[in-house]
Amino acid sequence: MHLRLRSMTMLRGAQAVGLSGLITCGILLAAAQPAAAQLVDHSHAHNVFTIPDDEVCGLSVTTTVDVVANEQERIATSGFPLFKSTGSGTVTFTNPETGKSVVNRFAGSTMDLTVTDNGDSTITLRTAVTGLPEQIRLPDGTVAIRDAGRVVFVTVLDYNGTPTDTSDDEFVSQEIESISGPHPDLESDFELYCATLVPALT
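For every chain, the first residue of the written sequence is number 1, and numbering continues from 1 along that sequence. Local features in this predicted model are restricted to residues whose pLDDT is 70 or higher, and side-chain atom pairs enter the listing and the counts only when it is 80 or higher, whereas totals over whole chains, interfaces and linings include all residues. Excluded from the side-chain calculations are hydrogens and water; all other atoms, namely the structure's heavy atoms, are used.

Caption draft 1: How the structure looks around the overall build of the protein. Secondary structure elements are taken from DSSP: a helix is a run of H or I of four residues or more, a strand is a run of E of two residues or more, and numbering for both begins at the N terminus. Within the protein, the regular secondary structure consists of 2 helices and 7 strands. Moving toward the C terminus, one meets the helices and strands of the protein in the order β-β-β-β-β-β-β-α-α. Burial classification: accessible surface area is computed with a 1.4 Å probe over protein chains only, and a residue below 20% of its type maximum counts as buried, one above 50% as exposed, and the rest as partly exposed. Out of the 202 residues in the protein, the part that is buried amounts to 41%. Residue contacts are defined here by distance: any two heavy atoms, one from each residue, within 4.5 Å place the two residues in contact. In the protein, once contacts between residues fewer than 6 apart in sequence are set aside, the share between residues at least 24 apart is 63%.

Given below as structure tokens:
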């Protein structure tokens, strides 16, 4: 997963949110909106697969993933890429010892709103996560966790002098700019996730 997509993503296994304080330095040199950016790549995929010897929250589980994803990459006028992902799917964790399963359902979008060159080999990226990034359903059908709405993250990345190459980006800091709708797992710094899954699967 590109570091420039570091945010609360729809698939928790790829989620890389850090809620540390934002260190803002440098000069605002450029900002671009996705509408003004040039489309350079797009893709559509429907992936279904099973991981038989997986682990979640310290438990051995079988993980089944069913995900539909659409992705776009645009180049802003500043020369930096802006990403947008939309999709939906489920991730099912099953404890083979108890036979119990927990399902995480998700749907929505993750979109880079602006990217700013700070002039010191770092960029500031604003990313909106909208929709249902996480809904945890227990074996008895109860919805135990539901994060839904919109969150805007502000992330600082060191792009190592390669504006269009995201593979060498280094994470510097991240904070939440705004949040609307219930996000109990996000606001618990994701501690609620394992606190819910472990007793449900054992």
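Caption draft 2: Just the environment of Ser178, in detail. Here Ser178 shows up in strand 7 (residues 170-180). On the basis of relative accessibility, which here comes to 31%, the residue Ser178 falls in the partly exposed class. When the C-alpha positions of Ser178 and Ala128 are compared, they lie 9.2 Å apart, and in sequence the two are 50 residues distant. Each residue touching Ser178, except ones within four places of it in the same chain, is listed here: Arg150, Val151 and Val152.

Caption draft 3: Seen up close, the nonpolar core. For the purposes of this section, nonpolar cores are sets of buried Ala, Val, Leu, Ile, Met, Phe, Trp, Tyr and Cys residues that join through side-chain atoms within 4.5 Å. With 15 residues, the main nonpolar core has Val56, Phe93, Leu197 and Leu201 as its most contacted residues. Once residues lying within four places of it in the same chain are set aside, the contact partners of Phe93 are Val56, Val61, Thr62, Thr63, Lys100, Ser101, Val102, Tyr193, Leu197 and Leu201. In terms of nonpolar packing, the next biggest core, distinct from the first, is built from 8 residues, Phe80, Val115, Ile123 and Tyr159 among them.

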